[in-house]
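Each chain, written out:
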Amino acid sequence: MRTVFMGTPEFAVPALSAIARAGHEVVCVVTQPDRARGRGNKIQHTPVKEMALSLGVEVLQPERLKGNSEAIGRIAGCSPDMIVTAAFGMILPPEVLGIPKHGCINIHASLLPRWRGAAPIQRAVIEGDEETGITVMHMAESLDTGDIILSARVAIERKTASRLEDELSTVGADLITDAMRRIENGTAERTAQDESLATWAPMISKKEGLMDFSKSPVELDRLVRGTDPWPGAYALYKGQQVKIWEACQLGKPNSYEAGTITEVSDDGIEISAGGGTLLVTGIQVPGKKRVKIKEYLKGNKIEKFTVLR
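Let me sum up the structure you'll find in this document.

Rules used throughout
- Residues numbered from 1 in each chain as written.
- Predicted model: local features only at pLDDT ≥ 70, side-chain atom pairs only at ≥ 80, totals over all residues.
- Heavy atoms only, no water.
- Helix = DSSP H or I, 4+ residues; strand = E, 2+ residues; numbered from the N terminus.
- Buried < 20%, exposed > 50% of the residue type's maximum accessible area, 1.4 Å probe, protein only.
- Contact = heavy atoms within 4.5 Å.
- Areas by Shrake-Rupley, 256 points an atom, 1.4 Å probe, with all protein chains shown as cover.
- Core = buried A, V, L, I, M, F, W, Y, C linked by side-chain atoms within 4.5 Å.
- Salt bridge = Lys/Arg side-chain N within 4 Å of Asp/Glu carboxyl O.
- Pairing = 2+ DSSP bridges.
- Phe/Tyr/Trp six-rings, centres within 6.5 Å; stacked < 30°, edge-to-face > 60°.
- Lys NZ or Arg CZ within 6 Å of the ring centre and 35° of its normal.
- Patch = residues over 30% accessible without salt bridge, like charges linked within 9 Å, V, L, I, M, F, W, Y side chains within 5 Å.
- Axes fitted to C-alpha atoms, helices over the stretch in contact; angles between N-to-C directions.
- Left-handed = near helix turned anticlockwise from the far one by under 90°.
- Nonpolar A, V, L, I, M, F, W, Y, C, P; charged D, E, K, R; others polar.

## Here's the deal with the overall build of the protein
So, step 1. When its secondary structure is counted, the protein shows 8 helices and 15 strands.
So, step 2. In terms of principal-axis extent, the alpha carbons of the protein reach across some 65 × 45 × 35 Å.
So, step 3. By residue count, 51% of the 309 residues in the protein fall in the buried class.
So, step 4. Considering only intrachain contacts with a sequence separation of at least 6, the fraction spanning at least 24 residues in the protein is 63%.
So, step 5. Surface accessibility of the protein: about 14,900 Å² in total, with carbon and sulfur atoms responsible for 49%.

Here is the structure:
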């Protein structure tokens, strides 16, 4: 099928690659504009643009689609049979939804209707879901509300949001080619979402990474995993912001004030949290890389009974 692909981050790259490998004609890739990223704050191509260029596909990078007659005209001029989106970062206006012969379909990183919105992977981890997944759906004017074509489940276990994103991107690549094959041969089913089960996954803010040690170790462990890689869970140690990248519940009660460091060893830092104990095993101080506590303690000291804020 003649396909226009819309996506931006690394999550969308496997899907674009899979669609091309499956023999579909990718006639145009639409991605967000190049922006400054990384330590040098240099202008860089989006990951999807990099893949599109390697495939020799035309790239379109509008600042917006709504009201952008030039961009919409160029997409329509491609005469696509289908538009596929994956973490594109813009809502498609009705003028775009009506362009392709077989409609617009989206790869969404949750089991819809749970976790509609911008941060489904992170929210699933933070809120303690046992599983998440990928949903391929027809696109509608409202965000993430369209009929479901296919879905696949993935266990969360103790995975970080970063690891889950990598896993789900691969699952999404497999699922999208299956969905396109079914649509092309007329065997794709459409299942309406149950609105009563809908939940929302708003964008994660930096302040959400601040650890509240009145919460239980289980909740804090989920926060650590759910905010990896951004913004990262963090606390203040003697006024200095320290990121906590690895932690787990330690099965013993702790009656000290919430946030108190009650033990320091090569095995980790024990912190009072919600009447229990959180064991922190990996940290990062400003200007340094992530390290295990054992490595950090070789040249640094962490004082017991200091209260983290």
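## Considering unusual backbone geometry
So, step 1. Residue Asp-228 is joined to Pro-229 through a cis peptide bond whose omega torsion reads 20 degrees.
So, step 2. By the secondary structure assignment, Pro-229 is in the loop between helix H7 (217–226) and strand E10 (233–237).
So, step 3. Pro-231 follows Trp-230 through a cis peptide bond whose omega is 0 degrees.
So, step 4. Structurally, the position occupied by Pro-231 is in the loop between H7 and E10.
So, step 5. The backbone of Ala-87 sits at a positive phi, close to 50 degrees, despite the residue not being glycine.
So, step 6. On the secondary structure map, Ala-87 appears in the loop between strand E6 (82–86) and helix H4 (94–97).
So, step 7. Given a relative accessible area of 35%, Ala-87 falls into the partly exposed group.
So, step 8. Positive phi is not limited to glycine here, since Lys-238 has a value of about 55 degrees.
So, step 9. Looking at the element boundaries, Lys-238 is found in the loop between E10 and strand E11 (240–250).

## Some points on the nonpolar core
So, step 1. Phe-5, Val-84, Ile-105 and Ile-176 are the most contacted members of the largest nonpolar core, which totals 39 residues.
So, step 2. Here this core gets 8 residues from one element, more than from any other, and that element is helix H6 (residues 161–185).
So, step 3. Setting aside its immediate chain neighbours within four residues, Ile-176 contacts Ala-15, Ile-19, Val-84, Ile-105, Ile-107 and Val-136.
So, step 4. The next biggest cluster of nonpolar side chains, apart from the first, holds 28 residues, and it includes Ile-204, Val-224, Ala-273 and Tyr-296.

## Digging into the pattern of salt bridges
Side chains that differ in sign of charge can pair as their charged atoms come close.
So, step 1. Tallied over the entire structure, the rule returns 21 salt bridges.
So, step 2. Linking Glu-208 and Arg-123 is a salt bridge whose minimum nitrogen-to-oxygen distance equals 2.7 Å. Highlighted residues: Glu-208 in the loop between H6 and H7 and Arg-123 in helix H5 (residues 120–126), separated in sequence by 85 residues.
So, step 3. The partner of Glu-257 in a salt bridge is Arg-309, and the shortest N-O contact between them spans 3.3 Å. Of this pair, Glu-257 sits in the loop between E11 and strand E12 (261–265) while Arg-309 sits in the segment after helix H8 (293–296), placing them 52 residues apart in sequence.
So, step 4. Among the residues examined, Glu-257 registers a relative accessible area of 46% and is labelled partly exposed.

## Digging into the sheet that holds E6
So, step 1. Read from one edge to the other, the open sheet built from 7 strands follows the order E5-E2-E1-E6-E7-E8-E9, with strand pairing classed as mixed. Edge positions in the open sheet fall to strand E5 (59–60) and strand E9 (148–155), since each of these has one partner strand only.
So, step 2. Relative to E6, strand E1 (residues 2–7) is paired through 5 bridges, and the arrangement is parallel. Directly across from Val-4, in E6, lies its bridge partner Ile-83.

## Describing the packing of aromatic side chains
So, step 1. Applying the stated criterion across every chain, the model contains 1 aromatic pair.
So, step 2. The ring of Trp-245 has Arg-290 lying over it, and the distance from NZ or CZ to the ring centre is 3.4 Å.

## Focus on a nonpolar patch on the surface
So, step 1. Taken together, the side chains of Ile-91, Leu-143 and Trp-200 make up a nonpolar region of the molecular surface, amounting to roughly 330 Å² of accessible area.
So, step 2. Counting through the fold element by element, Leu-143 comes out in the loop between strand E8 (131–138) and E9.

## Some thoughts on the packing of helix H1 (residues 13–21) against H6
So, step 1. Where H1 meets H6, the closest approach of the two axes is 8 Å, and the angle between their N-to-C directions is 35 degrees. For the pair H1 and H6, the sense of crossing is right-handed. Every residue of H6 that contacts H1 at Pro-14, Ala-15, Ala-18 and Ile-19 is listed here: Ser-169, Ala-173, Ile-176, Thr-177 and Met-180.
So, step 2. Classifying every residue of the contact of H1 with H6 by side-chain character gives 7 nonpolar, 2 polar and no charged.

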